[in-house]
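Residues per chain, in single letters:
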2 protein chains.
Amino acid sequence: MCLRVGRVGGMSSSPEHRLPHIVVVGAGFAGLSFVKGIPAEAARITIIDRQNHHLFQPLLYQVATAGLSAVDIAQPVRAIFGARPNFSVLMSEVTGFDLADRRVRHAHGELAYDYLVVAAGGVTSYFGHPEWEQFAPGLKSLDDALRIRRQILSSFERAETEPDAAKCEAAMTIVIIGGGPTGVELAGSFAELTRRVLNRDFDHIDPSKARVLLIEGSPRVLAAFPAELSASAQRQLEKLGVEVRTGVHVEAVRQGELVAGGQTIRADNIFWGAGVSAAPVARQLGVETDRAGRVKVLPDLSIPGHPEVFALGDMASLVDAKGVTVPGVAQGAMQMGAHAAKLIRRELRGEKLAPSGREAFAYHDKGSMATIGRSAAVADIKGLKLSGYPAWIAWLTVHLLFLVGFRSKISVLMQWIYSYLTYKRGARIITGVSGEKSAGSA
Amino acid sequence: MCLRVGRVGGMSSSPEHRLPHIVVVGAGFAGLSFVKGIPAEAARITIIDRQNHHLFQPLLYQVATAGLSAVDIAQPVRAIFGARPNFSVLMSEVTGFDLADRRVRHAHGELAYDYLVVAAGGVTSYFGHPEWEQFAPGLKSLDDALRIRRQILSSFERAETEPDAAKCEAAMTIVIIGGGPTGVELAGSFAELTRRVLNRDFDHIDPSKARVLLIEGSPRVLAAFPAELSASAQRQLEKLGVEVRTGVHVEAVRQGELVAGGQTIRADNIFWGAGVSAAPVARQLGVETDRAGRVKVLPDLSIPGHPEVFALGDMASLVDAKGVTVPGVAQGAMQMGAHAAKLIRRELRGEKLAPSGREAFAYHDKGSMATIGRSAAVADIKGLKLSGYPAWIAWLTVHLLFLVGFRSKISVLMQWIYSYLTYKRGARIITGVSGEKSAGSA
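All figures in this text were calculated on a predicted structure; none of them were measured in a lab. Chains are numbered independently. Their residues run from 1 in the order of the written sequence. A letter from A marks each chain and a number from 1 marks each ligand, given out in the order of writing. It should be noted that, the model being predicted, local features are given only for residues of pLDDT at least 70 and side-chain atom pairs only at 80 or more, the latter also being counted only at that level, while totals for whole chains, interfaces and linings use all residues. Water and hydrogen atoms play no part in the side-chain values, which are based on all heavy atoms of the structure.

## Observations concerning the side chain of Gln62(B)
Residues and elements named next belong to chain B. This is how it is decided: By definition, any uninterrupted DSSP run of H or I lasting at least four residues is a helix, any uninterrupted run of E lasting at least two residues is a strand, and each is numbered from the N terminus. Partly exposed residues are those whose accessible area sits between 20% and 50% of the maximum for their type, while under 20% is buried and over 50% is exposed, using a 1.4 Å probe and protein chains only. Any N or O atom pair separated by 3.5 Å or less is treated as a polar contact, with the protein-specific requirement of one donor-capable and one acceptor-capable atom, and with residues adjacent in sequence counted only for side-chain atom pairs. Contact definition: two residues touch when any of their heavy atoms are within 4.5 Å.
Tracing the backbone shows Gln62 in helix 2 (residues 60-64). Assessed through its relative accessible area of 11%, Gln62 is described here as buried. Of note is the side chain of Gln62, whose polar atom sits 3.1 Å from the side chain of Tyr61. Gln62 has contacts with Gly67, Leu68, Trp395 and Trp416, leaving out every residue within four places of it along the chain.

Okay, here's the thing in structure tokens:
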């Protein structure tokens, strides 16, 4: 059962091992888009990721708010590329690079490469306050989303039996820090969860009166959008019952409370949607990084001094050929993956160019959208500004089209139709409460 | 937001509080079936459970083997009875009973009752070897199933990078202890997972050669079935590649190995499907229990000395009116729930009888089935013995019909069709690996 032939990075001399070897770190949007851009017969590819799945991050907030189940937005990497030849997946954690020797070190060994693509994505950033993480978890992985779902559902169960009014109200207060797309989507979705889903199911609390607060330091939510869409998003949030506080800075986050704008707010549910920085592995490349830990890549997306190494997606900091700062969104990551693949594809065909002679990356902004709730969203598509129902339909369509995996598409579509028709959410299951013990009473 | 009116068990004098109060411990098959048997206007009901969901246990093995996602087989208790009046759900853990004073103590307070229904189900039993649990987890809750799924998928990922042949083989060895329905279903499903799903996706191991061992102490698997169906089940398992060892007793279970029939087997994946005993809360009733910790109930399912207290399902030990030992299966639990509801319904209408004068419970065996894999199952329906494809179709139909919740039915049906057509499984997602940290490299 344990064949040791075809060993990745080994010394085997079977024909496919004479192909150049590309190591891709990270199975996110950039990594997958890169692999799709390399013909299977042109190179051996090993993709290495800490998780066994590709995660469709734009819908992660729906797992956190019990609208979708974890499995709907994740695809095993092995299954995505199952039939592809000259392709390996390694579930392991990268621990460092030896760029001179062209090797990647990971938890279970090391890999030699001819080309290296580093696209390990981002992590939640607490702006110099890592101690806040335990009190205000962020939303970057499936485990984060399941933890948030568990916390919020358990919190309402606790409120139902809590005799102390102040404690009960803290259990029913949800604060989201950060008014970017993640924060706006979480706030809108929590407001709907409390007002339209949980509201019918409790006896001693009224979930429709639960407090949902969105706190943003800058003067408006969705700061990357046109001002009129920010205003529209705020109106739509407020209509759902979200208290939006802009221009308010968070001063402290502690167990069960936060201090913002000089005021102390008691809340058992504080979530962080404010900042993203590059995953720590970016620093291991040993080249200059920006404030968010992202690698300052050359215009072709390679790193200085190493034309065979590319950093992509949330790992990369770049002002592109048109003077645009490439935003840390899925379409940016996918375009970067495709660009790096195009350059390597050309080299594999024999066209060798210095990085300065290579085609520079240019970002094509296809538009931005953020959803707020049922029939509520904003979208900015090449200058066309949409709000409310049309923006929501555009959002649904784009997200269904880009969701990886036919099965997931059908499943997500069905759950959305179900929720739309019934005002219910299917994933209101608390798992992981009992820890490692299954025994117990009821 | 925190109303304290209508407080369960409190002293409020609103009209519905003059209704008799029934406390139901456990939201399993017995508890739900009981609640459905009590007219909503006849009594106030409080259902108390450690979890927030009803679990469709017969499909739990499919979550453990990545065929279904957790959400498909669990329904929030609040949602099941959402619109029912005079009904409360309490997510809490029962800590004891005061039968004289008619009170249930739980983690967050206590509840006064007029009738008490104790139906908290079973836990995995290790026959006097609780120390084996850590090395051979059982399958009773969603958390158990998700842990098994995580363990098995991670184990194959580890095998893929393991240079040591013996360690790699241990990672690819799966042992199931116990040849009852749970053990047979797990073994068959693991064999299919390795041989027909994972087999295409790895480079350095051949999952189709993974060893799947089923160990049973008695002379045949499915001992509760007719002998010819046991033989058929064993043949069907062996055809899938499962090594079946009957008449073999487990002597020791340790980290990564077990000793059975004098032989030591190295295996990183050992699962326990051998025994069930009543959840510990049964003992708190202070009445006589059997070897498996189940309460010895009177023929009407009430407990000796307390006609207002019933123990049902896996909590109850009973030889029924026809001399049949009621088996610990879903249909037994449902029938018990319906029976207790009928007796209480009559009393609520004014018909008071001593327990000895009440109608005795009689078990109606509608048949037993166990599934082995694709087109492989056995069924014994009132003497009609089916094997293979017809048994499998019967199994599919019955399980879809009884699965609680319209949405779950559709979702499960779709995933089964998908798996049948593609030989893929949708829930191959490893969650919970990274523990409480979301930060990291790839």
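Next comes the rest of the account.
## Focus on the sheet that holds strand 2 (residues 44-49) of chain A
Residues and elements named next belong to chain A. The test is simple: Strand pairing is defined by DSSP finding a minimum of two bridges between the two strands. Fitting a line to C-alpha atoms yields each axis, with helices limited to the stretch in contact; the angle taken between N-to-C directions then spans 0 to 180 degrees.
Ordered in space as 5-2-1-9-21-20, the 6 strands form an open sheet in which the pairing is mixed. Unpaired on one side and paired on the other, strand 5 (87-91) and strand 20 (302-303) mark the two borders of the sheet. Across the sheet, helix 1 (residues 29-36) is in contact with strand 1 (21-25), strand 2, strand 5 and strand 9 (115-118); its angle to strand 1 comes to roughly 160 degrees.

## Regarding the sheet that holds strand 13 (residues 242-246) of chain B
Residues and elements named next belong to chain B. Spatially, the 4 strands line up as an open sheet ordered 13-12-11-17, and their pairing is parallel. Because the sheet does not close on itself, it has two edges, and the strands there are strand 13 and strand 17 (269-272). Adjacent strand axes in the sheet meet at a mean angle of 15 degrees when their direction is disregarded. The pairing of strand 11 (residues 173-177) with strand 12 (residues 211-216) spans 5 bridges and is classified as parallel. The residue of strand 12 that forms the bridge with Ile176 is Leu214. The sheet contacts of helix 4 (residues 142-161) involve strand 11 and strand 17, and relative to strand 17 the element is tilted by about 160 degrees. Across the sheet, helix 6 (residues 181-197) lies against strand 11, strand 12, strand 13 and strand 17, angled at about 170 degrees from strand 12, the strand it touches most.

## Some words on unusual backbone geometry
A positive phi is found at Phe127(A), a non-glycine position, where the angle reads about 45 degrees. Mapped onto the elements, Phe127(A) comes out in the loop between strand 10 (122-124) and helix 4 (142-161). Residues other than glycine seldom take positive phi values, yet Asn86(B) does so here, at roughly 55 degrees. Within the secondary structure, Asn86(B) sits in the loop between helix 3 (77-80) and strand 5 (87-91). By relative accessible area, Asn86(B) is classed as partly exposed at 24%.

## Quick notes on the state of the cysteines
Spelled out, the test is: Any two cysteine sulfur atoms lying within 2.5 Å of each other are counted as a disulfide.
What the rule picks out here adds up to 2 disulfides over all chains. What pairs with Cys2(A) in a disulfide is Cys168(B), and their sulfur atoms sit 2.0 Å apart. In this structure, the disulfide formed by Cys2(A) and Cys168(B) twists by about -95 degrees around the S-S bond and is classed as left-handed. Taken as a pair, Cys2(A) in the segment before strand 1 and Cys168(B) in helix 5 (residues 165-171) lie in two separate chains rather than in one. With respect to class, Cys2(A) is no different from Cys168(B); both count as buried.

## Side note on the side chain of His53(A)
Residue and element names in this part refer to chain A. Examined against the element boundaries, His53 turns out to sit in strand 3 (residues 53-55). We classify His53 as buried; its relative accessible area is 7%. Within the structure, the side chain of His53 is placed 3.0 Å from the side chain of Asn52, a separation counted as a polar contact.

## Digging into the packing of aromatic side chains
Residues and elements named next belong to chain A. Condition: Two rings belonging to Phe, Tyr or Trp (six-membered ring only in the last case) form a pair when the distance between their centres is within 6.5 Å. Interplanar angles under 30 degrees mark stacking, angles over 60 mark edge-to-face geometry, and anything in between is tilted.
The full count for this structure, using the stated rule, is 17 aromatic pairs over all chains. Between the aromatic rings of Phe190 and Phe271, the centroid separation amounts to 5.5 Å while the plane-to-plane angle is 20 degrees, which identifies the pairing as stacked. In this pair, Phe190 sits in helix 6 (residues 181-197) while Phe271 sits in strand 17 (residues 269-272), placing the two residues 81 residues apart along the sequence. Each member of the aromatic cluster is reached from another via a ring pair, and the members are Tyr126, Phe127, Trp132 and Trp272.

## Examining empty space enclosed by the protein
All names here are of chain A. For clarity, the cut-off: The pocket and cavity definitions rest on a 1 Å grid over protein atoms only: a 1.4 Å probe that fits but cannot leave marks a cavity, an open set with protein on both sides within 12 Å along at least five of seven lines marks a pocket, and residues lining either have an atom within 4 Å of a point. Grid points are joined across faces, edges and corners, and a volume is the space filled by probe spheres set on the points. For this scheme, ten residues count as nonpolar: Ala, Val, Leu, Ile, Met, Phe, Trp, Tyr, Cys and Pro. Four count as charged, namely Asp, Glu, Lys and Arg, and the remainder, Gly too, count as polar.
Applying the stated criterion to the full structure yields 7 cavities of 30 Å³ or more. The wall of the largest cavity is formed by Arg294, Gly313, Asp314, Ala316, Val326, Pro327, Gly328, Val329, Gly332, Ala333 and Met336. For the lining of the largest cavity, the element with the highest residue contribution is helix 8 (residues 330-348), accounting for 3 residues. In terms of residue class, the lining of the largest cavity is built from 6 nonpolar, 3 polar and 2 charged.

## Side note on the pattern of salt bridges
Here the idea is simple: oppositely charged side chains can pair when their charged atoms come close. Residues and elements named next belong to chain A. In plain terms, the rule: Between Lys or Arg on one side and Asp or Glu on the other, a salt bridge is scored when a side-chain nitrogen of the former is within 4 Å of a carboxyl oxygen of the latter.
Under the counting rule described, the total for this entry stands at 36 salt bridges over all chains. Across the pair Asp144 and Arg147 runs a salt bridge whose closest N-O atoms are separated by 2.9 Å. Taken as a pair, Asp144 and Arg147 lie in helix 4 at a separation of 3 residues, close to a single helical turn. Judged by relative accessible area, Asp144 falls into the buried class, the value being 2%. When the shortest N-O distance is used, the salt bridge between Arg158 and Asp268 registers 3.0 Å.

## Digging into a nonpolar patch on the surface
Residue and element names in this part refer to chain A. To keep it simple, the criterion reads: Exposure above 30% relative accessible area and the absence of a salt bridge qualify a residue for a patch, where like charges join within 9 Å and nonpolar side chains (Val, Leu, Ile, Met, Phe, Trp, Tyr) within 5 Å. Areas reported as accessible are Shrake-Rupley estimates using a 1.4 Å probe. Residue values count occlusion only from the protein chains shown.
Taken together, the side chains of Tyr389, Ile393, Leu413, Ile417, Tyr420 and Leu421 make up a nonpolar region of the molecular surface, amounting to roughly 570 Å² of accessible area. For the nonpolar patch, the elements supplying multiple residues, two or more each, are helix 9 (388-402) and helix 10 (406-422). The leading source of residues in the nonpolar patch is helix 10, at 4 residues. With respect to the helices and strands, Leu421 occurs in helix 10. Overall, the relative accessible area of 65% leaves Leu421 in the exposed class.

## Side note on the pairing of strand 17 of chain B
Residue and element names in this part refer to chain B. Residues Asn269 and Phe271 line one face of strand 17 and the alternating positions Ile270 and Trp272 line the opposite face, and both faces are buried. The pairing of strand 11 with strand 17 spans 4 bridges and is parallel. Counted as the bridge partner of Ile177 is Trp272 from strand 17.

## Digging into the environment of Leu153(A)
Take Leu153(A): it is sitting in helix 4. Residues Leu153(A) and Thr65(A) lie 88 residues apart in sequence; the distance between their C-alpha atoms is 9.0 Å.

## Some words on helix 9 of chain A
Heads up, the rule is: One less than the residue count of a helix, multiplied by 1.5 Å, gives the span that helix is expected to have.
Its 15 residues place the ends of helix 9 of chain A 21 Å apart at the C-alpha level, agreeing with the 21 Å of an ideal helix rising 1.5 Å per residue. Within helix 9 of chain A, the full set of buried residues consists of Gly388(A), Ala391(A), Trp392(A), Ala394(A), Trp395(A), Leu396(A), His399(A) and Leu400(A).

## With respect to the nonpolar core
Going by this rule: Put simply, a nonpolar core is a bunch of buried Ala, Val, Leu, Ile, Met, Phe, Trp, Tyr and Cys residues held in one set by side-chain atoms that sit within 4.5 Å of each other.
Core analysis: the biggest nonpolar cluster contains 127 residues, and Ile22(A), Phe34(A), Phe97(A), Leu116(A) and Phe190(A) have the highest contact counts within it. The element best represented in this core is helix 4 of chain A, accounting for 8 residues. Listed in part, the 126 residues of the second largest apolar core include Leu312(B), Ala340(B), Ile344(B) and Met369(B).

## Points about the environment of Ala43(B)
Within the secondary structure layout, Ala43(B) lies in the loop between helix 1 (29-36) and strand 2 (44-49). With residues near it in sequence (within four places) discarded, Ala43(B) still touches Leu19(B), Pro20(B), Ile22(B), Ile38(B), Asn86(B) and Leu348(B).

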